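So the chains spell out like this:
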Amino acid sequence: MKIGELDFKGGVFLAPMAGVTDVAFREICVLMGCELTYTEMISAKGMYYGSENTKDLLKTSDKEKNVAVQIFGSEPYIMAKAAEAFNEELKICIVDINMGCPVPKIVKNGEGSALMKNPKLAADIVKEVKKSSTKKVTVKFRKGFTEDNINAVEFAKYMEDAGADAITLHGRTRQQMYTGEADWDIIRQVKKAVSIPVIGNGDVFSFEDAKRMRELTNCDGIMVARGVRGNPWIFKQINQMIKGQEIEYPKDEEKIEICIRHLNKAIFYFNEKKAVREMRKHIAWYIKGLKQCTDIKDIINRQEKYEDVLKTLEEYKKFLKI
């Protein structure tokens, strides 16, 4: 698929996820074949007012060839100024505007999915960002705000008319949060309604899901979110499926090897305390369903030192080989 002059062979991307898609995890996903990674959601106001908290969120890896930065906010001018800050960043190829986040504190401020209730303001934000940014501008939104207000098709047309270069649609309403099933038919409807690329999002947990989503919706690209937690090799498997190759499944000990690699990346990019604490949830996802995973998780959740976590994982890998 193409977004302007940007050309993606497989069109399978890593979704932006707060507390998950930091630079260490994104690098692992790139190594597994992900073509486009998204930063965690970044506050446009935070950037505008020089918040220190945004620095870690904006770190990129030398391994990342294409990075999309996702910003959120509700004021067109501030959103435009935030986007403008990335004009000289060579690795940043896309500025993605979040209009789908369902978190109450974001919605309360009129940001994220709350913008779906105000398509005119949402369009004004896109227009202003387009004026300021030299990057491709995309928008991520949902099926609708509530089940009584499903307006994804109408909203998609607003975004296209405002100048968005592509859109990503999560097939759930804000009301659903992350519960229930994603509605892939709404993705199909949006794809038929607009001429810009449409990226489908929601309930892609395997290469089989990716295949079905493409067949049912005709979407141009696929964005993997929760399905990649503890499962970055999903990108490799989807790419193998696209190429008609045999699908490779990692052995249990190989999963731990990838987990250790991830841990080492986290230590490289962050201080020990932050790296060890951030890795706890990732390790829990990596080892879920493996033998004695609960015991290992409990041990690691009490450890504060990198060396201790590494030793536990190395010993666990040997145990799994037996």
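Up top is the structure.
The paragraphs below set out a description of the structure included in this document.

Reading the values: rules and limits
- Residues numbered from 1 in each chain as written.
- Predicted model: local features only at pLDDT ≥ 70, side-chain atom pairs only at ≥ 80, totals over all residues.
- Heavy atoms only, no water.
- Axes fitted to C-alpha atoms, helices over the stretch in contact; angles between N-to-C directions.
- Helix = DSSP H or I, 4+ residues; strand = E, 2+ residues; numbered from the N terminus.
- Parallel < 35°, antiparallel > 145°, perpendicular 65-115°, else oblique.
- Left-handed = near helix turned anticlockwise from the far one by under 90°.
- Contact = heavy atoms within 4.5 Å.
- Phe/Tyr/Trp six-rings, centres within 6.5 Å; stacked < 30°, edge-to-face > 60°.
- Lys NZ or Arg CZ within 6 Å of the ring centre and 35° of its normal.

1. A closer look at the packing of helix 13 (residues 293-301) against helix 14 (residues 306-321)
Describing two packed helices takes the angle between their axes plus the distance from one axis to the other. Two elements in contact, helix 13 and helix 14, have axes separated by 10 Å at closest approach and are oriented at 165 degrees. The angle between helix 13 and helix 14 falls in the class roughly antiparallel. For the element pair helix 13 and helix 14, the recorded crossing hand is right-handed. In this structure, helix 13 uses Cys-293, Ile-296, Ile-299 and Ile-300 to contact helix 14, whose residues at the interface are Val-309, Thr-312, Leu-313 and Tyr-316.

2. Here's the deal with the environment of Tyr-158
Mapped onto the elements, Tyr-158 comes out in helix 7 (residues 152-162). Between the alpha carbons of Tyr-158 and Lys-288 there is a distance of 42 Å; along the sequence they are 130 residues apart. Beyond its immediate chain neighbours, meaning those up to four positions away, Tyr-158 contacts Pro-119, Lys-120 and Ala-123.

3. Quick word on the packing of aromatic side chains
Evaluation of the coordinates by the stated rule reveals 8 aromatic pairs. Here the aromatic rings of Phe-8 and Phe-13 are separated by 5.0 Å at their centres, their planes lie at 70 degrees, and the arrangement is edge-to-face. These aromatic residues form a ring-pair network of at least three members: Tyr-48, Tyr-49 and Tyr-77. In this structure, Lys-117 is placed above the aromatic ring of Phe-145, and the distance from its NZ or CZ to the ring centre is 4.4 Å. Above the plane of the ring of Tyr-178 lies Arg-142, whose end atom (NZ or CZ) is 5.0 Å from the centre.

4. Side note on unusual backbone geometry
Negative phi characterises most residues that are not glycine, and trans characterises most peptide bonds. Of note, Asn-218 is a non-glycine position whose phi angle comes to about 65 degrees, a positive value. Mapping Asn-218 onto the fold places it in the loop between helix 9 (207-217) and strand 11 (221-224). Even without glycine at this site, Gln-292 takes up a positive phi of about 55 degrees. Looking at where Gln-292 falls in the secondary structure, it is placed in the loop between helix 12 (272-287) and helix 13.

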